[in-house]
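Residues per chain, in single letters:
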Amino acid sequence: MRNATYMIVGGDYEHGGSASKELKELLKKLGADPKAVRRTMVATYEAEMNTVIHANKGVMRVAVDTTQVEVVIED
């Protein structure tokens, strides 16, 4: 299992989406199915941007193994 943590700063529109992009690169490096990468990217981007828009700060925690991706975003 591979774990990653990404900080999200509320109101930081310039860097909004960067955590999702880093997760996408991690999944690609691990050889994940491109369709799964795309679906994960869309879902995490939307959640990340909701945090940027509506919260002061947040964190995205990710756990990845060969069969699944678990993402938790807390604000």
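A quick note: this is a predicted structure, and the numbers were derived from the prediction, not measured.

Undergrad: Where do I start with the overall build of the chain in this structure?
TA: The helix and strand tally for the chain stands at 2 helices and 3 strands. Shown N-terminal to C-terminal, the secondary structure of the chain runs as helices and strands in the order β-α-α-β-β. Burial statistics for the chain: of 75 residues in total, 32% are counted as buried. Excluding contacts between residues fewer than 6 apart, the proportion of contacts in the chain whose partners are at least 24 apart in sequence is 65%. Roughly 5,100 Å² of accessible area belongs to the chain as shown, and the carbon and sulfur atoms make up 50% of that amount.

Undergrad: Looking at this structure, I do not really get the layout of surface pockets. What am I missing?
TA: Gaps left between atoms show up when a probe the size of a water molecule is rolled over them. When its volume is computed, the largest pocket comes out at roughly 200 Å³. Lining the largest pocket are 14 residues, with L27, A32, V64, D65 and T66 positioned closest to its centre. A per-element tally of the lining of the largest pocket places helix α2 (residues 34-54) first, with 3 residues. Looking at the lining of the largest pocket, its residues break down into 7 nonpolar, 5 polar and 2 charged.

Undergrad: I tried to follow the pairing of strand β3 (residues 69-74) on my own but got confused; where do I start?
TA: Consecutive side chains of a regular strand alternate in pointing toward one face of the sheet and then the other. Here 6 bridges tie strand β2 (residues 57-64) to β3, and the two strands are oriented antiparallel to one another. Bridging from a neighbouring strand, M60 pairs with I73 of β3. Here β2 folds back onto β3 in antiparallel fashion, the turn holding 4 residues.

Undergrad: What should I look at first to understand the nonpolar core in this one?
TA: Side chains of nonpolar character tend, in soluble globular proteins, to be buried together. By size, the foremost hydrophobic cluster in this structure holds 13 residues, and its most contacted members are Y6, L23, L26, L27, M60, V62 and V64. Elements with a minimum of two residues in this core: β1 (2-9), α1 (18-29), α2 and β2. In terms of residue count, the dominant contributor to this core is α1 (4 residues). Leaving out residues up to four positions away in the same chain, L27 has contacts with A32, V37, T40, V64 and V69.

Conventions we followed
- Residues numbered from 1 in each chain as written.
- Predicted model: local features only at pLDDT ≥ 70, side-chain atom pairs only at ≥ 80, totals over all residues.
- Heavy atoms only, no water.
- Helix = DSSP H or I, 4+ residues; strand = E, 2+ residues; numbered from the N terminus.
- Buried < 20%, exposed > 50% of the residue type's maximum accessible area, 1.4 Å probe, protein only.
- Contact = heavy atoms within 4.5 Å.
- Areas by Shrake-Rupley, 256 points an atom, 1.4 Å probe, with all protein chains shown as cover.
- 1 Å grid on protein atoms, 1.4 Å probe; cavity = no way out; pocket = protein on both sides within 12 Å on 5 of 7 lines; lining within 4 Å.
- Points joined across faces, edges and corners; volume = space filled by probe spheres on them.
- Nonpolar A, V, L, I, M, F, W, Y, C, P; charged D, E, K, R; others polar.
- Pairing = 2+ DSSP bridges.
- Core = buried A, V, L, I, M, F, W, Y, C linked by side-chain atoms within 4.5 Å.

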